[in-house]
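# Remarks on the overall topology
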Amino acid sequence: MKVAISLIYDGFKEVTKGTTAYHIWMAVLTLLMLFGAYAYYQQIVHGLAVTGMTDRVSWGLYISNFTFLVGVAAAAVMLVLPTYILKDIDFSQAVLIGEGMAVSALVMCLAFVTVDMGGPARLWHIIPVIGVLNWPNSMLAWDVIVLNGYLFFNLTIPFYLLYYHYQGRKPREAVYLPGVLISVFWAVGIHLVTAFLYAGLPARPFWNSALLGPRFLASAFAAGPALIILALAVIRKYTPYSIADKTIDKIAMVVTVAAQINLIMLGSELFKEFYSVTHHSNSAIYMFFGIGNKNALVPWIWTSIGLNLLATVILTINRLRRKHNLLYLACALLFVAIWIDKGMGLIIPGFIPGPWGNIVEYFPTWVEIAVTIGIWALGAFVFTLLVKIAVPIEIGKLRYRGNQSAG
Amino acid sequence: MFFRRKKKNQDACPSVADNPKGAGCSCRQQDGYEQVINKSLDRRSALKGLTAGLLAGSSLLNTSCSITSNEDEKELAALKWEEYFKGNYKLMTDEEKRATVERLERMYALRNGGKINISDKGPVKDVLYGYAFNISKCRGYMDCINACVKENNQDRDSQMQYIRIHEFKKGQMNFEMADDNFYHEVPAEGHFYLGTQCFHCDNPPCVNVCPVEATWKEKDGIVVIDYDWCIGCRYCQAACPYDGRRFNWSAPHVPENEINKDQHYLGNRLRKKGVMEKCTFCIQRSRNGQNPACVEACPTGARIFGNLLDPNSTIRWVLANKKVFRLKEDLGTEPKFWYFMD
Amino acid sequence: MDKIKIISLLLLLGACSNPVHHKDSLITKLETDGATAVGYEISAEQYTTGIKKVPFGNTTNDTLFFIPERTSRIESFPCNKCHIVPLTKMAPTGGNEKKAHWQISLEHADREIMDCATCHNSDNMEYLQAQNHRSISFNNSYDVCRQCHSTQYSDWLGGAHGKNINVWLPPRLAKNCVDCHNPHSPGLEKRWPARLNTVKIQELDPR
């Protein structure tokens, strides 16, 4: 107990001091969060009518970001798997970072789902025993369970490791390894379940595809580790935490393979939609070419395809991938490409055309955009805090001094 | 600010909505036949007007007596508290159902000073509701929608409507080519009309997906929503292949004098911001043996409603004697809503 | 390791599968559950009490349903308040006096085929008449209509044509032909919709 209090105390001290750049970064994030909170306040007061969503397109920017971020969270598994189970030492440096990212992504996921609710005050209805959770019928009930479970694992395992490292002790494998094992499968689970959330709806033919789950996994294992590479690059530059080139190269390999598989799947989807066009292809036609004068998604999806191709080419050619600056560029491009493709490019066309063929477009309002930015800032904020505490512990700078001071 | 875009001026009278181009007003001369019909109607509506006037008068009195009372504020706060922590209607005992209904009635009296009647009537034994729609008869008059909005206390600001009437060019039945947004005299030359609403599927995809079981199929086949249990995630709206569900994007508003005070907990009682709603086959009417408002309002007799379990019902006659079809039958949803032609 | 992965996936999928689809089709269920007549525990009489009903009188059938009584709702009934002599003897004396039914214009079928006396019994104005000159009460005017409109008539008997009044619950009370159609001009008119679609209202009135 004393150790835990000391850890919180030291952690708090650690996160409140830093370079000017660090303070500016945190101040900017705080401002963005406050702005998001103001926008959300407007939404609470006036209802979801202040968003661009309507009865015809009833999910928008929030659920798009939620879907994407579940993928980012799941991707932490790509680092956990080799580190703990295959004992691949190169990955272990990155694994705490990856788990920190998973936690931040999950916080964002839960925040996005919450802001999308019409009655956030009634969310307790979903808690079993005091409420009613429609499990196993509703895929959303599954998602609630797996996301919270995943959050639990990704909080407790790193906390346990840090807690022991903080005291200069060696964590016991028998304690954390079972949790690690479960969380590996759990990560695949969270993303498949999220895919099934959409794939299980025959009402929306654009989503009602068996490929959706695998495609989710492939794109997640591209976008998530890409983000981790970028985060590692920043950490490497601004903190004393040393991350070997080899680590980054190995993660880059993961990103490359996932991006290639993702492209193959994208290709099969396009073939299916456009080789023999049925009225079920209308969502894809709307997204890629527009229907009539309704073409809001066209520039977005082509940007996404372009970035995706470019990034995959850079990653695939060994000589280019090994140049770190190019690698970072490719990772950034890929991340943006998949964010568009899996967010707006998946959720919005699911509703267009509507069940009776109506084409009603969706444009997010400033409230939605502000809340979205606020939540991303929240995620970055949480991630920065976690890293700020984890790094000094990992490099041995931050250690429990309770015994000395007591003695 | 941008969000003002959707906020409606509540005082403005929805003139376009209620009377486009003087619709409904029969301007041609009445002949002897019409006088006959109007005679009985006039007497009835006059009586209705009188009752409504009396009710409004008495409620005005009520309001003026109790509006500023501190006791009332306290009682309202206590009731709100109890309402917030109540359970899912589906799982309530009969006493709990009665209690919440009484609380809601009392809350309305405290807030608005009038009396409303909220029913908690359960399904009638041996009844399974079914609906048939004659696409040869429908002429796109939209009287059904008018009646539906008034009966079910739908939000006037956002002009929420449960029913959509689709106008098809003759020669095809492709919904993508149909128009539910027509603006001309009806029926238009060379077109036919088809109405959609919640089909009360026997195998409803919306019910499965709800994470909190706030929507379910009652014994009499009506798919209902507990507006107080719904958390507003809109998964059901995504799961419905028939565009049957509507969401309260902002706080719904019905002018006090237009509120239908005969209500049902699962039907037309006043909703709140951030919850789903939809057609309930006018549960507050149908469970009393009455026809839904759309059936009653249809001037062409295109809408037929009844008990599917009664072999002598008109709906069963239609199923047995007409060539019927349902929409998107391939999804296995088994709508209890059939279409047929003369 | 891969094996574990596959097994866990299968477990996940197994738990997801939802056994609600397609036990029996709805129609099969109706044939079994809805085979016998139901005894209703509720009554909806209060919703039709204001309406004077007459049994639908078809001599070959038992009474199937009720229709609204009509004669008491005709303003100038009985007709012998004016028609004390047969129609032929009521020929106008001069050219100028107002005819009693001046506002009626007959827009029903062809003028060559139908005139007032096709349906009205000119010998006894209290009654309508059939092609074979049988007198028909105003209450049973459907017997006049069904001489030509036989498919509409059989649909009306079953319930596919016309409207039930107020209630779905038996006993059935159905509108008579003339409760919807003006027999002098039976077609429904073209008019503006009573209300416009949500989107159209917002387009026209963007507040």
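Residues numbered from 1 in each chain as written. Chains lettered and ligands numbered in written order. Predicted model: local features only at pLDDT ≥ 70, side-chain atom pairs only at ≥ 80, totals over all residues. Heavy atoms only, no water.

This part covers the overall build of chain A. Scanning chain A for helices and strands turns up 16 helices and 0 strands. Within chain A, buried positions represent 59% of all 407 residues. Summarising the internal contacts of chain A: among those between residues at least 6 apart in sequence, 76% fall at separations of at least 24. Of the roughly 16,300 Å² that chain A leaves accessible, carbon and sulfur atoms contribute 72%. (Helix = DSSP H or I, 4+ residues; strand = E, 2+ residues; numbered from the N terminus. Buried < 20%, exposed > 50% of the residue type's maximum accessible area, 1.4 Å probe, protein only. Contact = heavy atoms within 4.5 Å. Areas by Shrake-Rupley, 256 points an atom, 1.4 Å probe, with all protein chains shown as cover.)

In terms of helices and strands, chain C carries 7 helices and 4 strands. Written out in order from the N terminus, the α and β elements of chain C read α-α-β-β-α-β-β-α-α-α-α. Within the span of chain C, comprising 207 residues, buried residues form 36% of the whole. Taking as baseline every contact in chain C between residues at least 6 positions apart, the subset at least 24 positions apart corresponds to 47%. When the accessible area of chain C is evaluated, it comes to approximately 12,700 Å², of which 56% is carbon and sulfur surface.

Residues and elements named next belong to chain B. The strand order β10-β2-β12-β11 describes an open sheet built from 4 strands, whose pairing is mixed. Edge strands, defined here as strands with exactly one partner in the open sheet, are β10 (303–307) and β11 (324–325). When β11 meets strand β12 (residues 337–340), the two strands line up antiparallel, connected through 2 bridges. The residue of β12 that forms the bridge with Val 324 is Phe 340. Helix-sheet contacts for helix α10 (residues 314–321) involve β2 (129–134), β10, β11 and β12, and the interaxial angle to β10 is about 110°. (Pairing = 2+ DSSP bridges. Axes fitted to C-alpha atoms, helices over the stretch in contact; angles between N-to-C directions.)

What follows is about the pairing of β2 of chain B. Residue and element names in this part refer to chain B. Buried residues dominate β2, accounting for 6 of its 6 residues. Taking every second residue as pointing to the same face, both faces of β2 are buried, with Tyr 129, Tyr 131 and Phe 133 on one and Gly 130, Ala 132 and Asn 134 on the other. As defined by bridge partners, β2 adjoins β10 across 5 bridges and the pair is classed as antiparallel. Bridged to Gly 130 within β10 is Gly 306. Bridge count for β2 against β12 is 4 bridges, and the pairing is parallel. Of the residues in β12, the one forming a bridge with Tyr 131 is Phe 337.

Before going further, it helps to spend a moment on helix α14 (residues 344–351) of chain A. In terms of burial, α14 of chain A is a largely internal element, 8 of the 8 residues being buried. When we look at burial in α14 of chain A, the residues that qualify are Met 344, Gly 345, Leu 346, Ile 347, Ile 348, Pro 349, Gly 350 and Phe 351 of chain A. For α14 of chain A, the elements touching its buried residues are α3 (61–75), α7 (173–199), α8 (212–238), α10 (282–289) and α13 (324–342) of chain A together with α7 (235–239) of chain B.

A few words now on the interface of chain B and chain A. Between chain B and chain A, the contact holds 51 residues from the first and 52 residues from the second. Together chain B and chain A conceal approximately 4,400 Å² of surface at their shared face, both sides included; 57% is due to carbon and sulfur atoms. The tally of links between chain B and chain A comes to 2 salt bridges. Along the contact surface separating chain B from chain A lie 31 residue pairs in polar contact (both at pLDDT 80 or more). Counting only elements with at least two residues in the side of chain B that touches chain A, the list comes to β3 (164–169), α6 (205–209), α7 and β7 (245–247) of chain B. For the side of chain B that touches chain A, the leading source of residues is α7 of chain B, giving 4 residues. Here the side of chain B that touches chain A is composed, by residue class, of 28 nonpolar, 8 polar and 15 charged. (Buried area = accessible area lost by both parts, 1.4 Å probe. Salt bridge = Lys/Arg side-chain N within 4 Å of Asp/Glu carboxyl O. Polar contact = N/O pair within 3.5 Å; in protein donor to acceptor, adjacent residues only side chain to side chain. Nonpolar A, V, L, I, M, F, W, Y, C, P; charged D, E, K, R; others polar.)

Before going further, it helps to examine the side chain of Asp 226 of chain B. Residues and elements named next belong to chain B. Mapping Asp 226 onto the fold places it in the loop between β6 (223–225) and α7. For Asp 226, a relative accessible area of 0% corresponds to the buried category. Here Asp 226 is in contact with Gly 87, Asn 88, Tyr 89, Ala 214, Trp 216, Tyr 265 and Arg 269, once residues within four sequence places are set aside.

Taken as a whole and assessed by the stated rule, the structure comprises 63 aromatic pairs over all chains. With 5.1 Å between their ring centres and 75° between their planes, Phe 68 of chain A and Phe 335 of chain A make a pair best called edge-to-face. Taken together, the residues Phe 68 of chain A in helix α3 and Phe 335 of chain A in helix α13 connect sequence positions 267 residues apart. The lysine or arginine in question, Lys 97 of chain B, covers the ring of Tyr 89 of chain B, its NZ or CZ lying 5.0 Å from the ring centre. Cation over ring: Arg 234 of chain B sits above Phe 247 of chain B, and NZ or CZ is 5.1 Å from the ring centre. (Phe/Tyr/Trp six-rings, centres within 6.5 Å; stacked < 30°, edge-to-face > 60°. Lys NZ or Arg CZ within 6 Å of the ring centre and 35° of its normal.)

So, about the interface of chain C and chain B. In this complex, chain C contributes 71 residues to the contact, which on the side of chain B involves 94 residues. Overall, the association of chain C and chain B removes approximately 7,200 Å² of surface from exposure, summing both partners, and the carbon and sulfur fraction of that is 53%. The tally of links between chain C and chain B comes to 3 salt bridges. Notably, a salt bridge pairs Asp 155 of chain C with Lys 322 of chain B, separated by 2.8 Å at the nearest N-O pair. For the pair chain C and chain B, the interface holds 30 residue pairs in polar contact (both at pLDDT 80 or more). Breaking the side of chain C that touches chain B down by element, the ones donating at least two residues are α2 (26–33), α5 (150–158), α6 (177–180) and α7 (198–204) of chain C. With 7 residues, α7 of chain C is the largest single contributor of residues to the side of chain C that touches chain B. When grouped by side-chain class, the residues that make up the side of chain C that touches chain B number 29 nonpolar, 23 polar and 19 charged.

All names here are of chain A. Applying the stated criterion across every chain, the model contains 41 salt bridges over all chains. One salt bridge connects Arg 215 with Asp 341, and the closest N-O pair in it is separated by 2.4 Å. Taken together, the residues span a long stretch of sequence, with Arg 215 in helix α8 and Asp 341 in helix α13 at a distance of 126 residues. A relative accessible area of 8% places Arg 215 in the buried class.

Residues and elements named next belong to chain A. Relative to the helices and strands, Phe 289 is located in helix α10. Considered as a pair, Phe 289 and Ile 301 are 12 residues apart in the sequence and their alpha carbons are 9.5 Å apart. Leave out the neighbours within four places in its chain, and Phe 289 touches Phe 274, Ala 284, Val 298 and Trp 302.

Attention now moves to the environment of Thr 196 of chain B. Secondary-structure assignment places Thr 196 of chain B in strand β4 (residues 191–196). Since its relative accessible area comes to 3%, Thr 196 of chain B is described here as buried. Distance in space between the C-alpha atoms of Thr 196 of chain B and Gly 244 of chain B is 7.8 Å, their sequence separation being 48 residues. Once you skip the residues sitting within four places of it in the chain, Thr 196 of chain B turns out to touch Trp 356 of chain A together with Tyr 162, Ile 163, Arg 164, His 166, Phe 175, Leu 327 and Tyr 339 of chain B.

Residues apart from glycine generally show negative phi values, whereas peptide bonds are mostly found in trans. The omega torsion across Val 186 of chain B and Pro 187 of chain B is -5°, close enough to zero to call that bond cis. Mapped onto the elements of the fold, Pro 187 of chain B is located in the loop between β3 and β4. The peptide bond linking Pro 170 of chain C to Pro 171 of chain C adopts the cis configuration, its omega dihedral lying at 0°. Tracing the chain through its elements places Pro 171 of chain C in the loop between α5 and α6. We note that Gln 159 of chain B has phi near 55°; this positive angle belongs to a residue other than glycine. Counting through the fold element by element, Gln 159 of chain B comes out in the loop between α5 (143–151) and β3.

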